[in-house]
Amino acid sequence: MKRHTLSLMVAIGLLQAACSSQLEHISSANSTSGVTTPSSVMPDIIDKKDAPSAANVVEETSVQDALAVDSSRVDASYAKSRMQAEKSAPNQPMTRQATIAMGQVMAYAPAPAPIINAYNMPREERDQFAHFDDNPIKQVANDPVSTFSLDVDTGSYALVRQFLQQGRLPASDAVRTEELINYFSYNYPKKTGSNPFSTDTELSTAPWQPEHYLLRIGVQAQDVQSAAMPPANLVFLVDVSGSMDEPNKLPLVISSLQMLTQQLRPQDKVSLVVYAGRTEVVLEPTSGDHKADIQAALGRLQAGGSTAGASALYLAYKMARKGYIHNGINRILLATDGDFNVGVTDTNQLKDMIKRERETGITLSTLGFGQGNYNDAMMEQIADVGNGNYSYIDSLNEARKVLVDELSSTFNTVAKDVKVQIEFNPNVVSEYRLLGYENRQLNREDFNNDKVDAGDVGAGKSVTAIYEITPKTVTPAVDALRYQSENLIADTRQEYYKPARNQELAFLKIRYKKPEGTQSILITKPIYNPCHVTTFNRASENQRFATAVAGFGQLLRQSPQVNNLTYGQVAQIAQHAKGNDPTGSKGEFVQLVKNAEVLANKNESAIVRD
């Protein structure tokens, strides 16, 4: 391979020398006839994109022959163009058209670019995903309490979909199972009473391990129509750096935000801040009834420069304070690929700044765009700290879902700092594991600490969590400790446990704050141990579809905990459980699972051949 490459480079060098000789001859002739030959005549032998592909070049001799043919063609074509120019005006300088034509002829020379193609080098991928391990199996005898923050982000699902539609399996760290599950809406009961959401639980067997149980916990927030939302003060913070100069980045950002602009009401305000090498306020706080002005400002955006994200955030918060609406929605909407490369680039420093600002009542949501240098890790983390939500926009359809169809749940928070804590009864359950929520885990003592931040739930949003449970009657995955006794883990307040000794499977507690509140409110619910657990095939559509999505996430993450579950089984479960699907999103999920199955089988076949 090295010998072939060297020969090819020598041949190209000879051709370049021949071209230089021709140009010197032209320059000499022109100096006497008054013809000026601009530098643009020099062939672009490096960047010419339509140069012949090297994929078909196999033998060294064929490369040399091709170069010889092309060289003679260039010489002949050049001479013909020159003769025609001199014939039409023998003593006149060449016209601009003739000069361009000659330049086009010269530019036909074979370029070195095929050498790169011959190696079939893939595009460098610099997407960043935060690494995490799956939640482990925990023994109830040692760790009976599980605590986590609810997550309403959906960015991971859109990223996974994009990978699969491009014919690639996603990186494991790009797959956050809870974000896949919560991408979909479930038919949970409407809220009753004074709480802003209802809770729903269901227990069934697990499709990948019939001896185990699946406990689903669902939260359904009250629905508030967009027209009834509080007035909104929105700051569009748009990345216009050079990295955004791709069709699926800045142009899609502009279309998405113009779509959102159409939903604005007269009582809403919008500011527009852009950033590249420097930051700039493109639009001061503008009323929602001036849609044409807002859309025009968006339409003028162009990409170019480096990315100074931190200074842009400072300016965005300044504009948010300028247009602040008391008892309203005050939120920054950051649209970027996350490729901050100037100024403060450390995610933890950005989080510290955003954490301080959220205390003033200004929240932050992120909209991710693009691929190749996308920073998913930063986008998800700063949205979580900013008490907002993280979405990935891969198409106008996704933009419509997030910014139009789910406008109220995206911007209108009905419950903040929502925490879930569940205590399993050691007399009924021996082990459990939470599917997803790995980066949402909280310490047990964080549940009662109102200073600890947690997830916010928007109007009409349904949020789901699933536990896999090993009942006491089944052999556990982890051996029991020799020197531990169940009596040692019992609380000294025996009366607290007596009623739940065998009647309850677990005890569910949820804490939340009202949007403007500072003190949390507690909801409790015992989960009873049924005499007969529902088999999975007879479970509700909610249970089966959510489980299918959870299983899909576990397969993409190559989890060893799902035994012999296959993509085909997941697709079949989802197909039979999708029920009413007005948006077609559940049907699309079935197709994605089938695509993943093909890609996984292809990878396995390649491994076997190797």
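These figures come from a predicted structure and were not determined experimentally.

K.L.:
Please explain helix α7 (residues 250-261) as it appears in this structure.
P.N.:
Because the α-helix completes a turn every 3.6 residues, residues three or four places apart line up on one side. In this model, α7 (12 residues) spans 16 Å end to end at C-alpha, consistent with the 16 Å of a helix rising 1.5 Å per residue. Counting buried residues in α7 gives 9 out of 12 residues, a clear majority hidden from the surface. Every buried residue belonging to α7 is among L250, L252, V253, I254, S256, L257, M259, L260 and T261, and all of these are buried. Tucked inside the fold, the buried residues of α7 contact β5 (232-239), α8 (291-299), β8 (329-336), β9 (363-368), α12 (396-405) and α13 (407-411).

K.L.:
Sorry if this is basic, but what is going on with the packing of helix α16 (residues 541-556) against helix α17 (residues 567-577) here?
P.N.:
One can describe the packing of α16 onto α17 by two numbers: an axis separation of 8 Å at closest approach and a directional angle of 155°. Between α16 and α17, the angle is such that the two are roughly antiparallel. At the point where α16 passes α17, the crossing takes the left-handed sense. For the pair α16 and α17, contact is made by E541, R544, F545, A548, G551, F552, L555 and L556 and by Y567, V570, I573, A574, H576 and A577, respectively. When its residues are assigned to classes, the contact of α16 with α17 shows 10 nonpolar, 2 polar and 2 charged.

K.L.:
In this structure, what is going on with the pattern of salt bridges? I would like to understand it.
P.N.:
Pairing between side chains of opposite charge can happen when the charged atoms of each approach one another. Counted by the stated rule, this structure contains 24 salt bridges. With a shortest N-O distance of 2.6 Å, D134 and R557 are connected by a salt bridge. Remark: R557 occurs in the loop between α16 and α17 and D134 occurs in the loop between α4 (113-118) and β1 (138-139); sequence separation between them is 423 residues. For D134, a relative accessible area of 23% translates into the label partly exposed. Where D173 meets R557, a salt bridge forms, and the shortest distance between an N and an O atom there is 4.0 Å. With a gap of 384 residues between them, D173 in the loop between α5 (155-165) and α6 (177-181) and R557 in the loop between α16 and α17 connect regions that are remote in the sequence. The burial state of D173 is the same as that of R557; both residues are buried.

K.L.:
Would you mind showing me how to read the pairing of strand β11 (residues 413-424) here?
P.N.:
Working note: regular strand, side chains alternate between the two faces of the sheet. Taking burial as the measure, the 12 residues of β11 include 11 buried ones, the bulk of the element. The sheet contact formed by strand β2 (residues 145-149) and β11 spans 5 bridges and is antiparallel. The residue of β11 that forms the bridge with V145 is E423. Bridging between β11 and strand β13 (residues 455-458) involves 3 bridges; their strand directions are antiparallel. What sits directly across from V418, in β13, is G455. Pairing of β11 with strand β15 (residues 504-513) involves 7 bridges; the strand directions are antiparallel. If you follow F424 over to β15, its bridge partner there is A506.

K.L.:
Looking at this structure, I do not really get empty space enclosed by the protein. What am I missing?
P.N.:
Where empty space is left becomes clear once a probe the size of a water molecule has been rolled over the atoms. Going through the model one piece at a time under the given rule, you end up with 4 cavities of 30 Å³ or more. Of the voids in this model, the largest cavity is the one considered here, and its volume is about 170 Å³. Counting only elements with at least two residues in the lining of the largest cavity, the list comes to β10 (390-392), α13 and β13. No other element matches β13, which puts 3 residues into the lining of the largest cavity. Along the lines of polarity and charge, the residues of the lining of the largest cavity split into 4 nonpolar, 9 polar and 5 charged. For the lining of the second largest cavity, the per-class residue count stands at 3 nonpolar, 3 polar and 5 charged.

K.L.:
Just to check I follow, could you spell out the sheet that holds strand β14 (residues 462-471) for this structure?
P.N.:
Consider a sheet: its strands pair through backbone hydrogen bonds, and that pairing is either parallel or antiparallel. Read across the open sheet, the 5 strands follow the order β1-β12-β14-β4-β3; overall the sheet is antiparallel. Edge positions in the open sheet fall to β1 and β3 (197-206), since each of these has one partner strand only. Here β3 runs beside strand β4 (residues 209-221); their pairing, made up of 10 bridges, is antiparallel. Considered in β4, the bridge of L203 is made with L215. Against the sheet, α16 contacts β3, β4, β12 (429-434) and β14, and its axis sits at roughly 110° relative to β4.

K.L.:
Would you take a moment to explain α8 for this structure?
P.N.:
Residues of α8 that are buried: I294, A297 and L298. Along α8, the residues classed as buried sweep out an arc of 100° about the axis, all on the same side. Against the buried residues of α8 lie β5, α7, β6 (269-275) and β7 (279-287).

So, how was this worked out
Counting restarts for each chain: residues are numbered from 1 in the order of the written sequence. In keeping with the predicted nature of the model, local features appear solely for residues at pLDDT of at least 70, side-chain atom pairs appear and are counted solely at 80 or more, and the whole-chain, interface and lining totals rest on all residues. Hydrogens and waters are ignored; side-chain quantities use all the structure's heavy atoms. Counting from the N terminus, the helices are DSSP H or I runs at least four residues long and the strands are E runs at least two residues long. One less than the number of residues in a helix, times 1.5 Å, gives the span that helix is expected to have. Partly exposed describes any residue whose relative accessible area lies between the buried limit of under 20% and the exposed limit of over 50%, with all areas from a 1.4 Å probe on protein chains only and scaled to the type maximum. Contact definition: two residues touch when any of their heavy atoms are within 4.5 Å. Every axis in this analysis is a line fitted to C-alpha atoms, fitted for helices over the stretch in contact. Angles between the N-to-C directions lie between 0 and 180 degrees. Roughly parallel here means an angle under 35 degrees, roughly antiparallel means over 145, roughly perpendicular means 65 to 115, and every remaining angle is called oblique. Throughout, a crossing is termed right-handed when the near helix is turned clockwise from the far one, and left-handed when it is turned anticlockwise from it by less than a right angle. Throughout this entry, Asp, Glu, Lys and Arg are counted as charged residues, while Ala, Val, Leu, Ile, Met, Phe, Trp, Tyr, Cys and Pro are counted as nonpolar. The remaining residues, Gly among them, count as polar. The working definition used for a salt bridge is a side-chain nitrogen of Lys or Arg within 4 Å of a carboxyl oxygen of Asp or Glu. By the convention used here, strands pair only if DSSP detects at least 2 bridges between them. Within this scheme a cavity is a closed region of a 1 Å grid, computed over the protein atoms alone, that accommodates a 1.4 Å probe without allowing it to escape, whereas a pocket is open but has protein on both sides within 12 Å along at least five of seven lines; lining residues each have an atom within 4 Å of a point. Grid points are joined across faces, edges and corners, and a volume is the space filled by probe spheres set on the points. As used here, the arc belongs to the directions running from the helix axis to the C-beta atoms.

Such coordinate-based values are descriptive only and should not be taken to indicate function.
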